[in-house]
Amino acid sequence: MEQYKLFIDGEFVDAKDGKTFESIDPGTGLPFATVAQAGKADAEAAIAAARRAFDRGDWSGLDMAARIAKLQDFADQISQQGVRMVLTECMDAGQIIGFAKTLVMWASLLLRNLAAYAATKFPLEEEVLASGNPFSPGRDYVRREPVGVCVGIVPWNLPSTLAMWKIAPALIMGNTIVVKPASNTPLTALILAEAAKAADLPKGVFNVLPGPGGELGKTLCTHPDVDKIAFTGSTEVGREIMRMASDTVKKVTLELGGKSANIILDDADMDLAVEGACFGTFLHQGQMCESGTRVLVPSKIYDEFVDRMRKRVESYRIGYQLDPTSHMGPVVSKAQLATVEHYVNLGKEEGAELITGGKRVEVKGFEGGYYYAPTIFANVDNKMRIAQEEIFGPVVCVIKYGSDEEAVAIANDSIYGLAGGVFSNNIARAERVARGVRTGTMWINDFHVFAEYCPFGGYKQSGVGRELGHWGLEEYTQVKRIHVPAFSDRNTDFLFNLLSDNKKVEGFSYVCPTAVIAGHGSLSSICKAVVEVGSRRALILTDPGVRKAGLADLVKNALGDFCVGMYDDIPQDPDLESVDGAADKARELQADCIVSVGGGSVIDAGKTVCVTLKGGGKANDYINRWYALSEPQTPHIVVPTTAGTGSEVTNAAVITNKTAGRKLFIADPRITPNAAILDPRFTMTLPKDMTVGSAMDAMTHAVEAATSIMANQICDGQAFQAIRLISENLPLVVADGKNEKARLNMQIAATMAGWSFTIAQLGLAHAMAHTVGTLHHVPHGAACGIVLPHVMRFNVDHATSKLALVAQALGVDAKGMKERDAALAAADAVEALMEKVGHPMRLRDVGVPEEDLVRCSLHAIADSNVLFNARPVSDPMEVYNLYRQAY
Ligand SMILES: NC(=O)c1ccc[n+]([C@@H]2O[C@H](COP(=O)([O-])OP(=O)(O)OC[C@H]3O[C@@H](n4cnc5c(N)ncnc54)[C@H](O)[C@@H]3O)[C@@H](O)[C@H]2O)c1
C-alpha cells in the first residue's frame with residue numbers, strides 16, 4: 001500500500017503522535033493507501049510555518065509577476081502528475097474516470113487562468129479620483145493586500161478541484177495556506193504538495209494536513225494566527241466553523257449545501273430537459289453540492305416527463321469507477337451509503353412515490369463497493385424532508401407545479417440557494433424565471449457548468465462569499481485605503497482645527513477651470529467657446545423671463561448652425577423635473593454641449609443637466625452628492641443674465657427636491673462651467689428689484705468668503721475687489737439700468753465673489769438666508785442682505801481686521817479709527833448701501849412671521865455653512881437674537 005505523509009513547512013513528515021489512517025477505495029470497499037493523520041500539534045506546526053512564511057514576506061511581499069512565474073512552475077508540476085492524480089482521485093473519491101480526468105485537468109488550468117487574470121486585470125492599486133469628502137482633500141487610493149494565513153477545508157466529493165479553488169486564489173494574492181482535505185479523500189491534495197515541493201514554492205507557503213475534523217478542525221478554525229477560513233462542505237459544519245471563527249473574528253468564505261431546483265418549463269425541449277434533469281442529479285452519484293435534486297415539472301407534462309426520466313436513468317450503467325464504460329460509480333463511503341438509504345426510507349414513509357431505484361446495486365467483481373441505484377421519487381411535496389434536506393446521493397425528487405410563478409415560489413421555498421436550472425425553448429421566459437430564484441447560480445438549458453472567470457457561491461444558508469473569478473480573488477484580499485492629505489500641516493487641516501482654538505484654516509487649493517470672456521459684445525466669442533470644448537451641437541437652456549427679454553434669441557442667432565434647439569422651461573429655483581425635461585430634450589436632439597442663458601436658476605439647472613447627460617439616469621441620482629465625480633462632464637458654456645450668484649464660475653448647483661421639501665445641492669469641481677461670457681447687454685433688462693437683490697447675494701458671498709475660516713490670499717483679492725465694485729456700481733445701475741460700464745462691473749464683481757466663496761466657503765448669513773428662503777420663500781438675495789450686517793457685527797471680534805478691510809472696500813474712511821470700530825463701520829456701510837438702493841431692511845418686510853423665528857434659528861444652526869463662520873456658532877439662542885435684530 002502506498003504511504004502518504006503530512007506536508008508541513010516544505011517537508012513531508014509523520015504525524016507528531018505517529019497516527020495514521022487508511023484511505024478506502026469506495027469501488028471495492030478496500031483500503032489502498034495509508035496516510036499520516038494530523039492532530040492538534042501538527043495543525044499548530046503547520047499554522048506556525050504558514051505564519052512565518054507570510055510574515056517573512058518572501059511570498060506575500062513578492063511582486064505579482066514573480067509570484068505568478070512561481071505558480072506557473074507549480075502548474076507545470078501538477079500537469080506532470082496528471083495521470084497519477086486522475087487514478088488516485090478515482091480510487092479515493094469514486095469519480096468515474098472520464099469525470100476525474102476533466103477535474104484534474106482543470107486544477108492546473110484553473111491555477112494558470114486565475115493567475116493570468118490577476119496579473120493583467122485585477123487592480124492591486126486603485127486611485128479614488130473623487131473621494132466624496134470636500135473637507136479633507138488629497139490623494140486617496142486603495143490597495144489590495146493579502147489576508148494572511150488561510151485555511152482551506154476541502155470536501156470529499158471533488159477533492160483536487162475544490163482544493164485548487166482555495167489554493168489558487170490564496171497563493172496568487174500572496175497568502176499562505178494550510179489545506180485540510182477530507183479524511184475520506186486525502187490523497188490528491190498531498191500529490192499537489194509534491195508538485196509544490198518540486199516547483200520549489202517557499203517553505204511554509206503551502207501545507208497539507210489530512211485527517212478528520214474534530215480536534216484538527218477545531219485547532220485550524222480557532223487558532224489566533226489564522227486569518228481566514230475557506231470551507232466547502234455541509235451547512236451544518238459551515239455553521240460550526242462560523243461559530244468557531246467568530247472568537248478571533250476571522251474572515252470566512254463558506255460554500256455549503258444545496259437543494260437546487262431544476263425547473264422544467266412546459267415549452268422545454270423534452271429530450272434536452274430529461275437529459276438535463278438526470279445529468280443535473282446523477283453526475284458523480286449526486287454527490288455535488290449544486291445538484292438539481294428537486295426537478296420541478298409542470299402538471300400537464302408531468303407523467304410523461306417522469307416516465308422518460310425513469311427510462312433514462314434505468315439506462316445508466318453502474319460499475320467500478322475505473323471501468324471506462326461506467327456511467328455511475330460508488331458513493332464515497334459506507335456512511336454515505338447509509339445516509340442515502342436512510343433518506344430513501346424516509347421518502348417512502350413521507351408518502352413520496354418511488355419510481356425507480358431505491359436499492360443498493362451489486363457490481364460483479366466489486367461486491368464490497370458502495371453502489372446505489374439512481375433513485376427517482378415522484379409526487380413529492382416540497383414540504384417533505386426529502387425535498388428540504390440535502391441527501392448528497394443519487395436521489396431526485398420530482399415535484400409538480402402549475403404556473404411559472406408557482407415554480408419560482410417552490411424553488412425559493414428552501415433554506416438553501418446555491419444553484420438551479422431552467423429548461424425552456426423561450427430564453428427570455430427562462431431568464432425571467434431564473435431571475436426570480438434566490439440562488440447564486442442559474443443555468444439555462446444546462447447544468448453543472450463552472451468557469452474560472454464566473455463566480456460560484458450561495459444565497460441564504462448555502463454560503464458566504466464567492467469562489468472563482470474576480471469575486472473569488474477579492475475574497476483573498478484585504479482592502480486598505482491610504483490617504484495622503486493635500487497639506488501636511490496642522491493648521492491647514494479642517495478636521496484638526498475642530499479641536500483647536502484657532503479655527504482659521506491656512507492653505508488652499510485653487511481650481512479655476514472657467515474661461516471668462518468679459519466685455520461689451522463678448523457674445524461674439526460664443527462659437528469659439530463651443531469649438532474649444534470640442535462640441536458642435538449646443539442646446540440653449542433658458543427660462544421664460546429671459547426668453548421674453550429677447551436674450552435667448554440673441555444667443556441663438558450668435559450660435560447659428562451650432563444651435564440644435566432651445567429649452568426654455570426652467571423655473572426660478574429649478575426642480576428635478578425641469579432638469580430631467582431639459583436632459584431628455586438634449587438627448588433627443590443629440591446635443592453635445594449646453595449653453596445656459598439666464599441667472600443662477602438656469603445655470604444651476606444647466607450644470608445638473610450636464611452631469612445627467614454624462615452619467616445617464618435622472619437628476620435625482622446626482623443631487624446631494626459632493627466631490628463624487630471623477631471625470632469631465634458634458635461641456636457647459638454660460639451667459640449670465642443676472643449679476644449675483646456667481647454660479648457661472650462656482651462648483652455648486654442648487655436644485656429643489658420637492659419630495660424632500662428642500663433645496664439640495666451638488667458640490668463638485670467637475671460641474672464648474674467651462675466658459676462664461678460676461679456681456680453687459682444681458683443684464684441691462686434685469687428689473688430693479690432683481691438687480692438689487694442679486695447684488696446683495698454677491699456682496700454676501702464676498703463678505704462671508706473673506707471672513708470665513710477658510711479664507712486665503714486669493715479669496716481675499718477677489719472678495720475685496722468684488723465688494724469695492726459692488727459698492728461703487730450698484731447705485732449707478734440702480735440709477736440707470738442702461739449704464740453698460742456699471743453693468744459689466746457688476747457682472748465681474750458677481751463672478752469674482754463666486755470665485756471667492758468657491759475657494760473659501762460661506763458663513764452664518766447664508767445659513768440664515770437659506771432657512772428663511774426654504775421656510776418662508778424669502779428671495780435669497782433679499783434675505784442675505786437683511787441678515788448680513790447683523791452677522792458682520794456678531795463676527796466682529798473673530799474677524800476684526802478682515803471686516804476693517806471690508807469697510808475700506810466699501811469706501812469707509814477709516815483713517816484714525818480703531819480696527820474694531822472700522823470693522824463695525826463695515827456693517828453700517830452695508831446697511832447704508834442697501835438703504836440707498838432701496839433694498840428691504842427687515843425680515844418683517846419680506847413676509848417672515850415673528851412667531852417662527854425660534855424654528856428658523858434651529859434650522860439655521862444645522863446648515864453646513866455655519867461650519868465656516870468666523871465665530872463658532874453653537875447656541876441657537878445666538879442665532880435667534882440675530883434673527884430678532886434683523887426682524
Ligand atoms: N450655484 C451657485 O453657486 C449659486 C449661488 C447662489 C445662488 N444660487 C441659486 O441661484 C438661483 C437664483 O439665481 P438668480 O438670483 O440669478 O435669479 P434667477 O436665475 O432665479 O432669475 C430670477 C428671475 O429673473 C429673470 N431674469 C434673469 N435675468 C434677466 C434679465 N437679464 N432680464 C430680465 N429678466 C431676467 C428670470 O427670468 C427669473 O424670472 C437660486 O436658485 C439660488 O439657489 C446658486
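You'll find the structure just up there.
Residues numbered from 1 in each chain as written. Predicted model: local features only at pLDDT ≥ 70, side-chain atom pairs only at ≥ 80, totals over all residues. Heavy atoms only, no water.

Some thoughts on the sheet that holds strand β28 (residues 636–640)
Where strands meet in a sheet, backbone hydrogen bonds hold them as pairs that are either parallel or antiparallel. Selection criterion: At least two DSSP bridges between two strands are required for those strands to pair. Secondary structure elements follow DSSP: runs of H or I of four or more residues count as helices, runs of E of two or more count as strands, with numbering from the N terminus. For helices, the axis comes from a line fit to the C-alpha atoms of the stretch in contact; other axes are also lines fit to C-alpha atoms, and the angle between any two N-to-C directions lies between 0 and 180 degrees. Note on contacts: a residue pair is in contact if any heavy atoms of the two residues lie within 4.5 Å.
With respect to topology, six strands assemble into an open sheet ordered β24-β31-β28-β27-β25-β26, the strand pairing being parallel. Two strands lie at the open edges of the sheet, namely β24 (515–518) and β26 (563–567), each paired on one side alone. Taking the axes of each pair of neighbouring strands and ignoring which way they run, one obtains an average angle of 20° across the sheet. Pairing of β24 with strand β31 (residues 675–678) involves four bridges; the strand directions are parallel. Bridge pairing in β31 places A515 opposite A675. Where helix α19 (residues 576–588) meets the sheet, its contacts fall on β25 (538–541), β26 and β27 (593–598), and the angle it forms with β26 comes to roughly 160°.

Overview of the packing of helix α22 (residues 713–735) against helix α23 (residues 740–760)
Note the threshold: Each angle receives one of four descriptions, namely roughly parallel if under 35 degrees, roughly antiparallel if over 145, roughly perpendicular if within 65 to 115, and oblique otherwise. Working rule for handedness: look at the near helix, and if it is turned counterclockwise from the far one by less than a right angle, call the crossing left-handed; if clockwise, right-handed.
At a minimum axis distance of 8 Å, the contact between α22 and α23 shows a crossing angle of 150°. Relative to α23, the element α22 is oriented roughly antiparallel. Pair α22 / α23 crosses with left-handed handedness. Across the interface between the two elements, I714, C715, Q718, A719, Q721, A722, L725, I726, N729, L730, L732 and V733 of α22 pack against A742, R743, N745, M746, I748, A749, M752, A753, W755, S756, I759 and A760 of α23.

Structural notes on a nonpolar patch on the surface
Note the following rule: Only residues above 30% relative accessible area that lack a salt bridge enter a patch, with like-charged residues linked at up to 9 Å and the nonpolar side chains Val, Leu, Ile, Met, Phe, Trp and Tyr linked at up to 5 Å. Note that accessible areas follow from Shrake-Rupley with a 1.4 Å probe, and for residues the cover is restricted to the protein chains shown. Think of a salt bridge as a Lys or Arg side-chain nitrogen and an Asp or Glu carboxyl oxygen that are within 4 Å of each other.
On the surface, a nonpolar cluster with roughly 350 Å² of combined accessible area is contributed by L495, L498 and L499. Its location among the elements puts L495 in the loop between β23 (477–485) and β24.

Comments concerning the sheet that holds strand β1 (residues 2–4)
The strand order across the open sheet built from three strands is β1-β5-β4, with neighbouring strands paired in mixed fashion. Two strands close off the open sheet at either side, each with one partner strand: β1 and β4 (20–25). Strand-to-strand twist in this sheet, taken as the mean axis angle between neighbours without regard to direction, amounts to 30°. Pairing analysis gives three bridges linking β1 to strand β5 (residues 30–36), with the strands arranged parallel. Bridge assignment links Y4 to a residue of β5, and that residue is V35. Each of β1, β4 and β5 is contacted by helix α3 (residues 82–93), which is oriented at about 90° to β4, the strand it contacts most.

Brief notes about the nonpolar core
Heads up, the rule is: Think of a nonpolar core as a cluster: buried Ala, Val, Leu, Ile, Met, Phe, Trp, Tyr and Cys residues, connected wherever their side-chain atoms sit within 4.5 Å. Only protein chains enter the accessibility calculation, which uses a 1.4 Å probe. A residue is then buried if its area is under 20% of the maximum for its type, exposed if over 50%, and partly exposed in between.
Counting residues in each nonpolar core, the largest one holds 74 residues, and the members touching the most others are M699, I723, L764, M768, M792, V806 and Y883. It is helix α27 (residues 819–837) that contributes the most residues to this core, nine residues altogether. Leave out the neighbours within four places in its chain, and M792 touches V703, L803, V806, A826, A827 and V830.

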